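Here are the chains, one letter per residue:
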Amino acid sequence: MWAKNASLSDFPMSWNEAFVNIKELNFSGLYGFHDWKLPNRRELFSLLSHEAINPSLPVGHPFANIFTGYYWTSTSCARLPNQAWTIHLGGARVCKGMKHGSYMVWPVRVADHARTSRVFQSGQLNCYNESGELIDCQHTGQDGEFQAGLRQENNRFTENSCIVFDKATGLTWLRNANVYKEMVNWRSVFDLVGEMNRERKYGYHDWRVPTIAELENICDMGRHSPALPADHPFIDVQDFYWSSTTSRYDTRYAWALYTMDGAVGVGHKPLSAFHLWPVRGNRINHGRR
């Protein structure tokens, strides 16, 4: 459940100030509730539409006063925990920001019927202060304290020779995350999966380039280098992957996943600067299944 007004605070603030602001909202009983929190990365990402800009929210959304810049999440960067994840609501970029920086706050709460949610946990289990030091999670309001979202199943991945089935999303990935061994441009990734399908590689003919939401869904924010779940069975994971999702800010660019930390950025389509990680299964477009 989100506050309809996405700019209750009017002004940006530091990460610590954001948590103080949330406590003040809870003390005042905003809209009759006392359990507001700062959204974790996956919760805020779930609102995005990569088909829209300024704001990057679905057409017809009911929200007001959306600042088309960066908003804080409650999720620290696992590799650089003096930074936290921020999401740009003008263009949908997901970046790290220094915790002493200033960004906007959009309160959320876990609704009573949250068991129907399809938003997964981010994977973060720990809490960190502004300097990046590990601290006790109690009463911090951080992602590591609440661990909100749909819990991932044990034994999430089922490995079958060259392919891996992800029970959380219903997607099937190649176990070898670098099967083509070199970086390619955006157009080439579609040519490569077309060739895979003509040759029925690994017994299937419905391979495709993953959406950016599908790539983000496989990340674990409690880990880094790569930011994938601890029990993942993948081999030769690379630092950069193309998605099939075009940037609406500039269609010469497409969305890409940076696996070291799990950042979501863009790449210039003509450049051979990213890898292909083929997938098959029902398409995921907006951060949730």
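Summarised in this report is the structure supplied together with it. From a predicted model like this one, the values you see are computed outputs, not experimental measurements. (Residues numbered from 1 in each chain as written. Predicted model: local features only at pLDDT ≥ 70, side-chain atom pairs only at ≥ 80, totals over all residues. Heavy atoms only, no water.)

**What about the state of the cysteines?**
A full pass over the atoms with the stated rule returns 1 disulfide. Through a disulfide, Cys 127 is tied to Cys 137; the S-S separation comes to 2.1 Å. Across the S-S bond linking Cys 127 and Cys 137, the dihedral sits near 110 degrees, which makes this disulfide right-handed. Taken together, the residues Cys 127 in strand 4 (residues 127-128) and Cys 137 in the loop between strand 5 (134-135) and helix 3 (143-146) connect sequence positions 10 residues apart. Sulfur of Cys 95: no disulfide; nearest cysteine sulfur belongs to Cys 77 and is 11 Å away. (Disulfide = S-S within 2.5 Å. Helix = DSSP H or I, 4+ residues; strand = E, 2+ residues; numbered from the N terminus.)

**Here we look at the nonpolar core**
In terms of nonpolar packing, the biggest core is built from 43 residues, with Trp 106, Trp 173, Phe 234 and Trp 277 touching the most fellow members. Looking at this core, the elements that each hand over two or more residues are helix 2 (41-45), strand 2 (83-88), strand 8 (171-174), helix 5 (212-217), strand 10 (253-258) and strand 11 (263-268). Ignoring anything within four residues of it in the chain, the contact list for Trp 106 reads Trp 2, Ala 3, Asn 5, Ala 6, Lys 37, Pro 39, Leu 44, Leu 47, Leu 57, Phe 63, Tyr 71 and Leu 89. Core analysis: the next-biggest nonpolar cluster, separate from the first, contains 15 residues, Leu 174, Trp 186, Ala 254 and Phe 274 among them. (Core = buried A, V, L, I, M, F, W, Y, C linked by side-chain atoms within 4.5 Å. Buried < 20%, exposed > 50% of the residue type's maximum accessible area, 1.4 Å probe, protein only. Contact = heavy atoms within 4.5 Å.)

**Structural notes on the pattern of salt bridges**
In this structure the tally under the stated criterion is 14 salt bridges. Note that Arg 42 is salt-bridged to Glu 216, the shortest N-O span being 3.3 Å. Of this pair, Arg 42 sits in helix 2 while Glu 216 sits in helix 5; the two residues are 174 residues apart in sequence, bridging distant segments of the chain. Exposure class is identical for Arg 42 and Glu 216. Each is buried. A salt bridge links Arg 175 to Glu 159; its shortest N-O distance comes to 2.8 Å. In this pair, Arg 175 sits in the loop between strand 8 and helix 4 (186-198) while Glu 159 sits in strand 6 (residues 157-160), placing the two residues 16 residues apart along the sequence. Residue classification places Arg 175 among the partly exposed residues on the basis of a relative accessible area of 25%. Judged by relative accessible area, which is 44%, Glu 159 ranks as partly exposed. Salt bridges sharing common partners tie together Arg 41, Arg 42 and Glu 216. (Salt bridge = Lys/Arg side-chain N within 4 Å of Asp/Glu carboxyl O.)

**What about the environment of Leu 134?**
With respect to the secondary-structure elements, Leu 134 resides in strand 5. Here the alpha-carbon distance between Leu 134 and Phe 240, two residues 106 residues apart in the chain, equals 28 Å. Ignoring sequence-local partners within four residues, the contact set of Leu 134 consists of Asn 126, Cys 127 and Tyr 128.

**Quick look at the packing of aromatic side chains**
The final tally for this structure, using the stated rule, is 19 aromatic pairs. Their ring planes at 80 degrees and their centres at 6.2 Å tell us that Phe 33 and Trp 36 sit as a pair that is edge-to-face. Measuring from ring centre to ring centre gives 5.4 Å for Phe 240 and Tyr 258, while their planes differ by 85 degrees; the resulting arrangement is edge-to-face. Of this pair, Phe 240 sits in strand 9 (residues 240-246) while Tyr 258 sits in strand 10, placing them 18 residues apart in sequence. In textbook terms, an aromatic cluster arises when at least three aromatic residues are bridged by ring pairs, as seen for Phe 157, Trp 173, Phe 234, Tyr 241 and Trp 277. Seen from the ring of Trp 85, Arg 41 lies directly overhead, with NZ or CZ sitting 4.6 Å from the centre. Taking the ring centre of Trp 186 as reference, the NZ or CZ of Lys 269 above it sits at 3.8 Å. (Phe/Tyr/Trp six-rings, centres within 6.5 Å; stacked < 30°, edge-to-face > 60°. Lys NZ or Arg CZ within 6 Å of the ring centre and 35° of its normal.)

**Regarding the sheet that holds strand 12 (residues 279-280)**
With antiparallel pairing, the 4 strands of this open sheet are ordered in space as 6-7-8-12. The sheet is open, and its two edges are formed by strand 6 and strand 12, each paired on a single side. With 2 bridges joining them, strand 8 and strand 12 adopt antiparallel strand pairing. Bridge pairing in strand 12 places Trp 173 opposite Val 279. (Pairing = 2+ DSSP bridges.)

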